[in-house]
Amino acid sequence: MRLYALCDAEILKERGSDLLSFTSRAKTLGAEVLQYRNKFADIAIVKADLITLRKVWEGFLIINDHYELASFCDGVHIGQEDLYAIDSDPVRAIKILKMAIGEDKIIGLSTHNAQEITTANSLDINYIGLGAYRATSTKSDAKVLGEKLDELAALSNHPVAAIGGVKLDDRFQHVTYNVIGSGLL
């Protein structure tokens, strides 16, 4: 199992934790990727947090949504809504995103079903996030895929990061990364 750590600023705050503690725990567990998500802070705070993370994180550092900050990390992870907000044609949207962040940056895209995976297969991205595996407190409206997640993962031409309620001891046949969130690390 390969590990992808999802660092959600709001969850860390709720739990009385911080970026450095989270990063240290993720390193101890052998995480290869760290995604930083902060949906509510001012862009200057998100940028400062990325700079802090870059100083202590040697693995891949991904920003959630804020592609304008991609120069401070290795890439960006976007959701379906973000993709279509860039352009109604997903192929064109990824081309525009690559122009904005640079050809050398990693792009991940959230997917939730076979249709979104099929669309993602035609895109020049590096991986998909697929889920939710289980119900989570952060995405109460997420459709839970359960055991069907691994079957859907087999449809992807890209590496798959299983998201949403994934635990360290979960095992999948067609998933590259278990994405473990701030609440579980």
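Coordinates for the structure precede this section.
Just so it is clear, the model here is predicted, and its values are computed rather than measured. All chains use their own residue numbering, which begins from 1 and follows the written sequence. Side-chain atom pairs in this predicted model are given and counted only at pLDDT of 80 or more, local residue features only at pLDDT of at least 70, and totals for whole chains, interfaces and linings cover all residues. The basis for every side-chain value is the complete set of heavy atoms in the structure, and neither hydrogens nor water enter the calculation.

A. Region of interest: the pattern of salt bridges. For this document, the term salt bridge refers to a Lys or Arg side-chain nitrogen within 4 Å of an Asp or Glu carboxyl oxygen. What the rule picks out here adds up to 9 salt bridges. In this structure, Arg37 and Asp8 form a salt bridge, with 2.7 Å as the shortest nitrogen-oxygen distance. Of the two residues, Arg37 sits in strand β2 (residues 33-37) while Asp8 sits in strand β1 (residues 2-8), which places them 29 residues apart along the sequence. As far as burial versus exposure is concerned, Arg37 and Asp8 are alike and both buried. The shortest N-O distance in the salt bridge between Asp87 and Arg92 comes to 2.9 Å. Buried, partly exposed and exposed residues are distinguished by accessible area as a fraction of the type maximum, computed with a 1.4 Å probe on protein chains only: under 20%, between the cut-offs, and over 50%, respectively. Under the relative-accessibility criterion, Asp87 is labelled buried at 16%. A network of salt bridges, in which partner residues are shared, links Asp87, Asp89 and Arg92. Strands here mean DSSP runs of E at least two residues long; helices mean DSSP runs of H or I at least four residues long; both are numbered from the N terminus.

B. Geometry of the nonpolar core. Ranked by internal contacts, the top residues of the largest apolar core, which has 47 residues, are Tyr36, Leu97, Ile125, Leu130 and Leu149. Per-element accounting of this core gives the leading share, 4 residues, to helix α5 (residues 90-101). Setting aside residues no more than four positions away along its own chain, Ile125 makes contact with Ile94, Ile107, Leu109, Ala120 and His158. What makes a nonpolar core is a set of buried Ala, Val, Leu, Ile, Met, Phe, Trp, Tyr and Cys residues whose side-chain atoms join them at distances within 4.5 Å. Formed by 9 residues, the second largest nonpolar core is a distinct cluster that contains Ile62, Tyr127, Ala161 and Val179. Residue contacts follow a heavy-atom distance rule, with two residues in contact if any of their heavy atoms lie within 4.5 Å.

C. The arrangement of the side chain of His158 in detail. Residue position: His158 is located in the loop between α7 (148-153) and β7 (160-163). In this view, His158 contacts Ala120, Asn121, Leu123, Ile125, Asn126, Tyr127 and Ile128; residues no more than four positions away in its chain are not counted.

D. Inspection of the sheet that holds strand β8 (residues 177-181) at higher detail. The parallel closed barrel is built from 8 strands, whose spatial order is β1-β2-β3-β4-β5-β6-β7-β8. Between one strand axis and the next, the sheet turns by 25° as a mean value, whatever way the strands run. Bridge count for β7 against β8 is 2 bridges, and the pairing is parallel. Residue pairing in the sheet places Ala161 in a bridge with Tyr177 of β8. When DSSP finds two or more bridges between a pair of strands, those strands are recorded as paired. Angles here are taken between N-to-C directions and fall from 0 to 180 degrees, while the axes themselves are lines fitted to C-alpha atoms, restricted in helices to the stretch in contact.

E. Here's a closer look at the pairing of strand β3 (residues 60-64). With 4 of its 5 residues buried, β3 lies for the most part within the structure. Across 4 bridges, β2 lies against β3 in parallel orientation. Residue pairing across strands places Leu34 opposite Leu61, the latter belonging to β3. The parallel pair β2 and β3 is bridged by helix α3 (residues 43-56), and the resulting crossover is right-handed. In the sheet, β3 pairs with strand β4 (residues 75-78) via 3 bridges, with the strands oriented parallel. By the bridge assignment, Asn64 is partnered in β4 with His77. Crossovers are described as right-handed under a simple rule: with the strands pointing away from the observer, the path leading from the first strand over the helix to the second runs clockwise.

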